[in-house]
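Structural description and commentary
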Amino acid sequence: MPVAALHRPGRADSLPALRHIPKFSEVTRAMSAALSLDDWKTRAETLSFRSQAFINGRYVDSASGKTFECVNPATGRVLTKVAAGDKEDVDRAAKAARAAFEKGRWSRMAPAQRKKRLQKFADLIDKHATELALLETLDMGKPIRDSSAIDIPLSAGCIRWYGEAIDKIYDEVAPTGPETVAMIRREPVGVVGAVVPWNFPLLMASWKIGPVLAAGNSLIVKPAEQSPLTVIRIAELAAEADIPEGVFNVVPGFGETAGQAIGRHMDIDGVTFTGSGEVGKLFLRYSGESNMKRVSLECGGKTPNIVLADAPDLDAAATAAAWGIFFNQGEVCNAGSRLIVEAPVKDAILEKVMEVGKKLQPGDPLDPKTRMGAIVDETQMQRILGYIEHGKKEGAKLRMGGGRVKPANANGYFVEPTVFDEVDNKMKIAQEEIFGPVLSAITVKTPEEAVKVGNDTIYGLAAAVWTRDISKAFKISRELRAGVVWVNSFDAGDITTPFGGFKQSGFGRDKSLHALEKYSELKTVWINVGK
Ligand code: NAD
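Worth saying up front: this structure is predicted, and the values here are computed from it rather than measured.

Cut-offs used in this document
Residues numbered from 1 in each chain as written. Predicted model: local features only at pLDDT ≥ 70, side-chain atom pairs only at ≥ 80, totals over all residues. Heavy atoms only, no water. Near = heavy atom within 4 Å. Polar contact = N/O pair within 3.5 Å; in protein donor to acceptor, adjacent residues only side chain to side chain. Areas by Shrake-Rupley, 256 points an atom, 1.4 Å probe, with all protein chains shown as cover. Helix = DSSP H or I, 4+ residues; strand = E, 2+ residues; numbered from the N terminus. Domains from an automatic or database assignment. Pairing = 2+ DSSP bridges. Axes fitted to C-alpha atoms, helices over the stretch in contact; angles between N-to-C directions. Buried < 20%, exposed > 50% of the residue type's maximum accessible area, 1.4 Å probe, protein only. Lys, Arg positive; Asp, Glu negative; His and termini not counted. Salt bridge = Lys/Arg side-chain N within 4 Å of Asp/Glu carboxyl O. Contact = heavy atoms within 4.5 Å. Right-handed = clockwise from strand over helix to strand, strands pointing away. pLDDT = per-residue confidence, 0-100. Core = buried A, V, L, I, M, F, W, Y, C linked by side-chain atoms within 4.5 Å. Phe/Tyr/Trp six-rings, centres within 6.5 Å; stacked < 30°, edge-to-face > 60°. Expected span 1.5 Å × (residues − 1).

Taken together, 30 residues lie near the ligand, and Glu 225, Ser 276, Tyr 286, Cys 299 and Glu 433 sit nearest. The separation between a nitrogen atom of the ligand and a polar main-chain atom of Gly 255 is 3.2 Å. Look at the ligand: alone it shows 850 Å² of surface, and the protein chains cover 91% of it. Among the secondary structure elements, those contributing two or more residues to the shell around the ligand are α9 (255-264), β10 (270-274) and α10 (277-289). Taken together, domain 1 (23-299 + 506-522) and domain 2 (304-494) each give at least three residues to the shell around the ligand, which thus spans both.

Okay, here's the thing in structure tokens:
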């Protein structure tokens with residue numbers, strides 16, 4: 001998720017990722033920024049949680065009555081119990097979504113009306129930004145600074161952008177000749193299920209909600225079980241924005257139950273998934289074994305961040321490399337987890353990366369000064385620590401971090417910023433997605449070797465190259481097999497540009513007008529106008 005660059009001192013407001021956030025949200029951001037640790041703690045104590053499924057315009061318990069515990073990863077304490085949706089709940093949501101679709105409550109509403117309501121929805125998210133940021137931080141462990149300045153405003157901005165797009169997209173008339181009119185129309189797919197991860201809970205959901213609804217579909221969102229609270233909360237904001245009942249549904253629950261039920265449902269027309277490759281492959285199977293629903297997958301990455309000896313600014317490259325792996329505790333699909341450096345500049349780059357990393361020690365996520373928060377849960381923390389042990393055993397040189405830490409007043413799941421040097425690209429820490437603050441530095445002798453190593457992974461989500469030679473930059477950007485390539489930058493992004501991967505990073509693109517293609521069917525209508 002292209003926002004790490006926001007953390008470079010003094011640059012936040014000039015970055016492209018913020019271009020689409022209107023003034024209203026800047027006011028709420030400024031309000032959030034003015035709150036102290038004590039203010040946030042007081043608010044946290046009195047915060048109430050929505051914890052039910054949202055089906056057909058109202059909050060309901062799960063059909064089984066079962067719930068699961070939602071834990072604050074910074075403290076290990078239970079925040080609330082959330083409805084554990086399963087097959088029956090997905091079926092209820094699918095029926096409501098289908099009825100709304102068939103009745104044309106949303107799918108046949110005038111585009112200008114749909115636009116107005118999506119914009120109102122975005123405004124309401126902005127209006128409740130402080131509360132939503134707090135929910136996100138308590139639920140997922142990310143710094144309040146990030147949820148206030150990034151997750152919530154970008155979520156609102158995304159939904160608003162797709163709302164604005166609704167009445168700017170035209171259908172086509174094919175040049176078939178005077179005897180016929182052949183119209184190529186875009187129609188909604190029908191009922192779409194969105195199954196999303198925990199690392200940017202509301203933002204990853206918004207990348208689906210915006211274009212799915214803009215294209216006229218009905219939607220069922222299944223948030224990750226680790227972080228369902230913000231998506232559940234915004235369901236009532238959708239209703240307040242007059243998005244008709246049955247159009248926007250939320251079924252919280254576990255992957256194997258609620259997630260699988262969405263994947264296998266015979267009356268859900270499409271699934272848009274963000275998460276691990278392993279689960280992405282399951283969705284392909286679910287589709288094949290059910291109704292051949294359309295599947296789009298945004299999966300993992302092992303982003304190569306290539307720094308060549310002729311990089312124009314080593315300091316900038318190293319700072320971006322540090323933020324590229326430590327931002328959001330390294331729980332970022334396109335985290336620059338492999339730093340591939342030409343030998344002459346390796347030591348200089350690594351020293352600077354560690355200098356930045358040392359300043360990013362994890363702290364209480366509710367403290368506005370904290371730049372690195374908690375890992376989402378104990379399982380993920382143990383997974384990260386397991387990879388670190390593996391790296392040591394495989395012979396990589398641990399240069400920084402490598403352990404669990406317990407910051408003052410925060411007794412939960414925290415991992416230090418970690419740097420490995422002398423990594424061989426065949427090692428597990430260079431091949432598998434760790435999804436934590438662990439950097440693997442790999443030294444290469446030539447740009448050709450850098451590209452070869454960069455591409456030597458099953459993933460192809462993103463890549464970066466730092467060089468002052470424009471020809472080299474262009475050639476390498478063409479050779480890198482990735483959905484996004486950054487030249488002399490890392491993590492630049494904007495709602496106007498598509499995001500998604502090559503190879504086992506998935507297929508289909510989120511963001512930009514291209515995302516609408518996933519949620520629309522093309523229909524050709526031939527009209528005979530001959531004599
Ligand atoms: P995950 O695959 O474990 O879970 C993602 C979602 O799938 C969750 O809602 C989960 O409940 C559901 N799920 C889990 N098992 C399932 C099953 N058997 N059947 C159906 N649904 C199931 O991923 P995660 O741990 O939540 O997120 C981390 C992963 O997400 C990383 O691999 C990361 O790279 C990826 N990610 C990718 C992008 C992108 O845009 N490419 C963005 C963010 C995260």
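Next comes the rest of the account.
This part covers the sheet that holds strand β24 (residues 520-528). Across the sheet, 3 strands lie side by side as β5-β6-β24; this open sheet has antiparallel pairing. Both outer strands of the open sheet, β5 (172-174) and β24, are each paired with one neighbouring strand and no more. The mean angle between the axes of side-by-side strands here comes to 30°, regardless of whether they run parallel or antiparallel. Both β5 and strand β6 (residues 180-188) contribute to a ladder of 3 bridges, which runs antiparallel. The residue of β6 that forms the bridge with Glu 172 is Ile 184.

Moving on to the side chain of Asp 367. Secondary-structure assignment places Asp 367 in the loop between α12 (343-358) and α13 (378-394). As a buried residue without a salt bridge, Asp 367 has its nearest oppositely charged side chain in Lys 369, at a separation of 4.1 Å. Ignoring sequence-local partners within four residues, the contact set of Asp 367 consists of Leu 37 and Ile 144.

Moving on, we come to the pattern of salt bridges. Pairs can form between side chains of opposite charge whenever their charged atoms are close. Tallying each qualifying case throughout the model produces 34 salt bridges. One salt bridge in this structure joins Arg 58 and Glu 245, with 3.6 Å as the shortest N-O distance. Taken together, the residues span a long stretch of sequence, with Arg 58 in strand β2 (residues 58-60) and Glu 245 in the loop between α8 (229-240) and β9 (248-250) at a distance of 187 residues. With a shortest N-O distance of 2.9 Å, Glu 351 and Arg 399 are connected by a salt bridge. Taken together, the positions of Glu 351 in helix α12 and Arg 399 in strand β14 (residues 397-400) put the pair 48 residues apart, joining distant regions of the chain.

Time to look at the pairing of strand β8 (residues 218-222). With 5 of its 5 residues buried, β8 lies for the most part within the structure. The alternating pattern of β8 places Ser 218, Ile 220 and Lys 222 and Leu 219 and Val 221 on opposite faces, both of which are buried. Viewed along the sheet, the connection from strand β7 (residues 191-195) through helix α7 (residues 201-214) into β8 turns out right-handed. For β8 and β9, the ladder comprises 3 bridges, and the chain directions are parallel. Residue pairing for β9: Ile 220 is matched across the bridge by Asn 249. A crossover connection joins β8 to the parallel β9 through α8; in handedness this β-α-β unit is right-handed.

Mean pLDDT over the chain: 94, with 94% of residues reaching 70 or higher. pLDDT under 50 marks residues 2-24. Its contacts with residues more than four places away, or in other chains, come to 56 contacts.

This part is about the nonpolar core. Ranked by internal contacts, the top residues of the largest apolar core, which has 103 residues, are Phe 121, Ile 209 and Phe 248. Each of two domains, domain 1 (23-299 + 506-522) and domain 2 (304-494), supplies a minimum of three residues to this core. Those residues in contact with Phe 248 that sit more than four places away from it in its chain are Phe 54, Ile 209, Leu 213, Leu 219, Val 221, Ile 234, Ala 235, Ala 238 and Ile 243. Counting residues in each nonpolar core, the second largest holds 29 residues, with Leu 385, Ile 442, Ala 463 and Ile 476 among its members.

Below, the discussion takes up the packing of aromatic side chains. According to the stated counting rule, one finds 10 aromatic pairs in the structure shown. Between Phe 68 and Phe 254, the ring centres sit 5.0 Å apart and the planes meet at 50°, which makes this aromatic pair tilted. Of the two residues, Phe 68 sits in strand β3 (residues 67-72) while Phe 254 sits in the loop between β9 and α9, which places them 186 residues apart along the sequence. With relative accessibility at 5%, the residue Phe 68 sits in the buried group. Note on Phe 254: relative accessible area 35%, which makes it partly exposed.

Time to look at α12. Here α12 spans 23 Å end to end across 16 residues, near enough to the 22 Å set by a 1.5 Å rise per residue. Among all positions in α12, only Val 345, Lys 346, Ile 349, Leu 350, Lys 352, Val 353, Met 354, Val 356 and Gly 357 are buried. Structurally, α12 contributes buried residues whose contacts are with β12 (304-307), α11 (314-326), β13 (338-342), β14, β17 (418-421) and β18 (438-444).

Inspection of the secondary structure assignment puts Gly 530 in the segment after β24. Through-space distance from the C-alpha of Gly 530 to that of Val 181 is 9.5 Å; in sequence the pair is 349 residues apart.

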